[in-house]
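Listed here are the chains, written in short residue letters.
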Amino acid sequence: MQSQAQQQQVSGRVTDETGAAVQGATVSVRGTAIGAATGADGRYSLSVPDTATLTFSFTGYQTQQIPVNGKKTINITLVADLNSLNEVVVVGYGAQKRADVVGSVTSVSGDKIANIPVPNVSNAISGRLPGATVMQGNGEPGQNGAKIMVRGRTTLGKGEITDPLVVIDGIPGRALNEIDPSDIESISLLKDASAAIYGAQAANGVILVTTKRGTTGKPRLNYSFYQGFMTPTRLPKALSAGDYATMLSEYQDYEGRPRTFSDEDIALFYNGKDPWEHPNTNWVDELVSKWTTTSRHDITLDGGTGKMNYYLSVGYRNEEAIYKQQSTNYHQYNLRGKLDIPITDWLKASADYAGFIIDKYYPTKSAAEIYGQSMRLLPTQWAFWPSGEPGPDLEYGDNPVVTSTLQGGYNDNKSYKNELTLKLSITPPMIKGLTIDGYYSMDIYNRYQKIFRKPWTLYFPNWDEAVRNDEGYITSMELSPAKRGYTEPELQENYERILRRLGNINFTYSRKFGDHSLSLFGAYEQMREDTNNIGAFRKHYISDIIQTINAGSLTDRQNSGTTMLYARESWIGRLNYNYKDKYLAEVLFRMDGSLKFPPDSRWGAFPAVLLGWRASEERFWKDNIRFINYFKLRASYGKMGMDPGDPFQYMNKYVLNTGLALGDDKAIETTVFQQGVANPNITWEKQTTYNVGFDSKFLEDKFYLNADFFYNERSDILAPRSASVPAYTGLALPDENIAKVDNRGFELEAGYQQQVSKDFNFSVGGNMSYSHNRVIFTDEPKRSVPWQQRTGHPYGATLLYRAIGVFADDAAVENYPHWTGAGPGDIIFEDVNKDGKITSDDRILLDRTDAPELFYGITLDAQYKNWTFSLLVQGQGSYYRYNYADQRRGEAGNYFQWNFDNRWTPENTHTDIPRAYNRVDQYWGFQVNDNTYWYANMAYCRLKNAMLSYTLPNNLLHGIGVSRANIYVAASNLLMLYSAQKNFDPEISSPIAYPTVKTFAIGAQVTFQ
């Protein structure tokens, strides 16, 4: 008769190599469902059979197995495993051990980005994921999400058309930037054929976000916060009143025009003796505050028993604008809850909910009209009169110190989001290795916007009533208030509702047969999205007190409403094969049907094959190349697609007209007319992707080096037939699937880690990505000279004249081909075709104007006893963009400082800065005859993030009920190490765009258990 094992209690503590407690480590009995998670003090306690073997595991550390053998106390020290091969990596519709991944997949843990003081997740991952180019073009609260491109671009067009697919907890289409970083478990990036499992939405890459779930153990309550202080990174400089008047006068003298300012005026602008009539206004200083604030607070509660695990989080964050006259603000409230319920041994259920309230509050003027105008308005005008009243406008009521307030009304934009996912999982006991899952998600987004506009008051001079002193300078003056901006109050209300439903049923069958491991996945998925918009507009309000639609006049009223529908149906399959952990294969297949295409051609097939070889497991490798202890070679091929554009382009569209008077009674009848022509052959954009790469580790895992080389080709891209049907024909033909773009590049990732002593360890790592795209075909008209043909160049190649200097004098003008009317101080256009004259044939194509081809990041992490330090350096390569904005400079607007310094004058003839100019009067003016003078290289390298934290010793915490606590200081956008142009922050989209900010924060994390 076989004796039964006796139960016994085992307890202990799990620590890392520094002796610090490891919270959340899993302690389980091998081969059973018995398990627990360590508490904040690293302790655990389990009732186990005395013959059991305990398994200790934690992400980023080597898994250890210890037989109980009657021991009542088992303490374990986990050993760090940088880039661990046993680390679980989230891939499409599942997860794999890092060692088994054969696709080009990179990931970052949520712990790396949780406490970075940046406005959202897209900014937090910049420089951390090789293959992801991240560009923050705007710093305005609520509008400061970064643009992400995976391996550059392989299509045409701007905006969302190049965005990767975002999948959050298995549900595609959810928003990345609204997730609370403290809720994130990991972020994975699918870059090659591994993304093909998402088929028709995968051609731009896929970002997979996994949020945290509850783990078995006693309840854990965590509170974290930071308080941040923000200041603009690098603001462009506009001229002072004296410099502006000097430069404008130079232009007027050069052109023989009457001067606006006399030499006496200029002197008074400089010396400041006459602030009433000769002010020296720095509009940016009057508008922008030196410091503003941001903060974030998070509370999480998680834990579980053998019967149920739970996770609950509540978060809040806010961000102020940079304006002194505070009005813009961003508030976000988020709630996330998860329940995992094992109903039986073979049936499990889960329910996930996420809710968001996003409150954006702005003035009625946009940031471009507020901050942008502060970079343009004349310094010889008044932001505030010496007596304190706001000064007059140049036009449109624009005085930023007023329009940045709520005096002109408000733009209240609120979003309410509810995301629910219900899941059932069946593991039939009669079929070993089989799991059947089904889940249903419903996402409801409601957005309400209320814009109430009203006139504001500015003050104008009464020069005849001014009081002057003995020198003739004004000492006081009665000012006349006047309503500016809008003529009368008006109200716009908009409501949008999006309902997205997704259902998925799938199975996974995994078995191991000796040296062979097999996993088969299959799924059916269906998604539908309905969007409704309603808008109403009223004006002619007799008062601004009652701000409702029905209080406005029926005269000039406007109403609008739209409905949109999108749906997709999919069949999904994946086969994984592993032989002896050396030879790896993965086959993917997806069939997608899209409502955007005609019923008889609605379906597209997207297959992929991925192969891997762990050469380091071969005997010859172990005998001869032992210093490289891990090496895996990978190769992949796949097809993916995109279905951009509006739905129903295959049908003729008809538009309702506002009305036409018909019949004897002249009744207004609604009419219908056709808009455009249908394209019955519209179909998918199709991308073929090739990738080869390797992962390696050296010298007992101290070094790692990974590399990928890729080539993508996308065909059937929607584009107009510009050559076949020129615009002058007047024909409005639809876009057709005719264009082709390719893209090639590489990614490198390397690092080193060292446990120097028991108290000190560090790691350093770096990654870089390079991608270069090329337009293979568009229906481009034939150019008169071959170097102007955009085909063969990267997308966005811009046709312009090459500026090669400035004419020093009349002799220089006579000795080189020049634009008719050119003179000393004007810009020299290169005579490209050497025909002795400057014509449109001399224009060349400037490449790299769409996005940087090179993007990189360098990380350093160090730990000494209870101190932890980390930093990230991030940068981008050469990338050309306008270094200027707004043509209204000169008589109607201020100049930038870099247009003034070292400019051409009769006394300073040898320079590369042209003479004084006005608006668009010069042939070389901004956007007149576009030329390279107005472009600058936006390459940069900056200290992106830095953090220093201290974990309080446990002996200070036990008496107050706290199991773990740490405090930290952190900063983002801390320091610009290099910038090819130094006039403004090279990351923002233009010198008049709302600036990015550097943030200094202090924060803490406290755990109660």
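Every value quoted in this text rests on a predicted model; they were computed, and no experiment measured them. (Residues numbered from 1 in each chain as written. Predicted model: local features only at pLDDT ≥ 70, side-chain atom pairs only at ≥ 80, totals over all residues. Heavy atoms only, no water.)

Description of the overall build of the chain
Inference 1: Within the chain, the regular secondary structure consists of nine helices and 52 strands.
Inference 2: Here the chain has a C-alpha radius of gyration of 33 Å; the compact-globule value for 1009 residues is 30 Å, and the two agree.
Inference 3: The principal-axis extent of the C-alpha atoms belonging to the chain is close to 115 × 75 × 70 Å.
Inference 4: In the chain, which comprises 1009 residues, the share counted as buried stands at 53%. (Helix = DSSP H or I, 4+ residues; strand = E, 2+ residues; numbered from the N terminus. Rg over C-alpha atoms; globule rule 2.2 N^0.38 Å. Buried < 20%, exposed > 50% of the residue type's maximum accessible area, 1.4 Å probe, protein only.)

Points about the packing of helix α2 (residues 241-255) against helix α3 (residues 263-271)
Inference 1: Remark: α2 packs on α3, axes separated minimally by 7 Å, with the N-to-C direction vectors making an angle of 155 degrees. Classified by the angle their axes make, α2 and α3 are roughly antiparallel. Side by side, α2 and α3 meet where Ala241, Gly242, Asp243, Ala245, Thr246 and Ser249 of the first sit next to Ile266, Phe269 and Tyr270 of the second.
Inference 2: Of the residues contributing to the contact of α2 with α3, the split by class is five nonpolar, three polar and one charged. (Axes fitted to C-alpha atoms, helices over the stretch in contact; angles between N-to-C directions. Parallel < 35°, antiparallel > 145°, perpendicular 65-115°, else oblique. Contact = heavy atoms within 4.5 Å. Nonpolar A, V, L, I, M, F, W, Y, C, P; charged D, E, K, R; others polar.)

Digging into the environment of lysine 417
Inference 1: Relative to the assigned elements, lysine 417 resides in strand β22 (residues 409-426).
Inference 2: Residue class for lysine 417 comes out buried when judged on its relative accessible area of 12%.
Inference 3: Each C-alpha atom of the pair lysine 417 and alanine 739 lies 38 Å from the other, and the pair is 322 residues apart in sequence.
Inference 4: Leaving out residues up to four positions away in the same chain, lysine 417 has contacts with Ala175, Glu178, Ala354, Gly355, Phe356, Ile358, Ile444 and Tyr445.
Inference 5: Of note is the side chain of lysine 417, whose polar atom sits 2.9 Å from the side chain of glutamate 178. (Polar contact = N/O pair within 3.5 Å; in protein donor to acceptor, adjacent residues only side chain to side chain.)

Things to note about α2
Each α-helix winds once per 3.6 residues, and so residues spaced three or four apart point in a common direction.
Inference 1: Helix length check: α2 (15 residues) gives 21 Å between terminal C-alpha atoms against 21 Å at 1.5 Å per residue, within 8%.
Inference 2: In terms of burial, α2 is largely enclosed, as eleven of its 15 residues are buried.
Inference 3: Along α2, the residues classified as buried are Ala241, Gly242, Asp243, Tyr244, Ala245, Thr246, Met247, Leu248, Ser249, Tyr251 and Gln252.
Inference 4: Packed against the buried residues of α2 are α3 and α9 (897-900).
Inference 5: In the stretch just after α2, glycine 256 is the one whose phi turns positive, near 70 degrees. (Expected span 1.5 Å × (residues − 1).)

Let's talk about the UniProt feature "domain: TonB-dependent receptor plug" (unreviewed entry) in the chain
Inference 1: UniProt tags residues 99-206 as "domain: TonB-dependent receptor plug" (unreviewed entry).
Inference 2: As annotated, residues 99-206 comprises 4% helix and 25% strand, and the C-alpha atoms at either end are separated by 21 Å. (UniProt positions renumbered as here; feature names shortened; annotations may be inferred.)

Some thoughts on helix α5 (residues 367-374)
Inference 1: Of all eight residues in α5, six are buried, a share of seventy percent or more.
Inference 2: Every buried residue of α5 is accounted for by Ala367, Ile370, Tyr371, Gly372, Gln373 and Ser374.
Inference 3: For α5, the secondary structure elements touched by its buried residues are α4 (283-287) and α6 (400-403).

Considerations on empty space enclosed by the protein
Inference 1: Per the stated rule, a full pass over the model turns up nine cavities of 30 Å³ or more.
Inference 2: If you go around the largest cavity, you meet 20 residues; those closest to its centre are Pro117, Val118, Pro119, Glu319 and Thr999.
Inference 3: Of all the secondary-structure elements, those providing two or more residues to the lining of the largest cavity are β17 (217-232), β18 (292-304), β19 (309-320), β51 (964-979) and β52 (997-1008).
Inference 4: Here the residues of the lining of the largest cavity are counted per class, giving six nonpolar, eleven polar and three charged.
Inference 5: By volume, the second largest cavity amounts to about 130 Å³.
Inference 6: Lining the second largest cavity are 15 residues; nearest its centre among them are Asn773, Asp850, Ala851, Pro852 and Glu853. (1 Å grid on protein atoms, 1.4 Å probe; cavity = no way out; pocket = protein on both sides within 12 Å on 5 of 7 lines; lining within 4 Å. Points joined across faces, edges and corners; volume = space filled by probe spheres on them.)

Observations concerning the pairing of strand β41 (residues 760-777)
Inference 1: Bridge analysis of strand β40 (residues 736-755) against β41 gives 16 bridges, and the strand direction is antiparallel. Bridge assignment links glutamine 753 to a residue of β41, and that residue is serine 763.
Inference 2: Where β40 folds back on β41, the antiparallel hairpin that results is connected by four residues.
Inference 3: Here β41 runs beside strand β46 (residues 854-864); their pairing, made up of eleven bridges, is antiparallel. Each bridged residue has a counterpart across the sheet, and for asparagine 761 the counterpart in β46 is glutamine 863. (Pairing = 2+ DSSP bridges.)

Concerning the packing of aromatic side chains
Inference 1: All chains considered together, the criterion is met by 55 aromatic pairs.
Inference 2: Considering the side-chain rings of tryptophan 456 and tyrosine 486, the 5.7 Å spacing of their centres and the 90 degrees angle between planes classify their relative orientation as edge-to-face. With tryptophan 456 in strand β24 (residues 456-460) and tyrosine 486 in the loop between β27 (480-484) and β28 (490-513), this pair connects stretches of sequence that are 30 residues apart.
Inference 3: Between the NZ or CZ atom of arginine 915 and the centre of the ring of tyrosine 254, over which it lies, the distance is 3.8 Å. (Phe/Tyr/Trp six-rings, centres within 6.5 Å; stacked < 30°, edge-to-face > 60°. Lys NZ or Arg CZ within 6 Å of the ring centre and 35° of its normal.)

What about the side chain of threonine 849?
Inference 1: Checked against the element boundaries, threonine 849 lands in the loop between β45 (844-846) and β46.
Inference 2: In terms of polar contacts, threonine 849 uses its side chain to reach the backbone carbonyl oxygen of glycine 796, at 2.5 Å.
Inference 3: A distance of 3.4 Å separates a polar atom in the side chain of threonine 849 from a polar atom in the side chain of threonine 798.
Inference 4: If we skip the residues at most four places from it in the chain, threonine 849 touches Gly796, Ala797, Thr798, Tyr879 and Tyr880.

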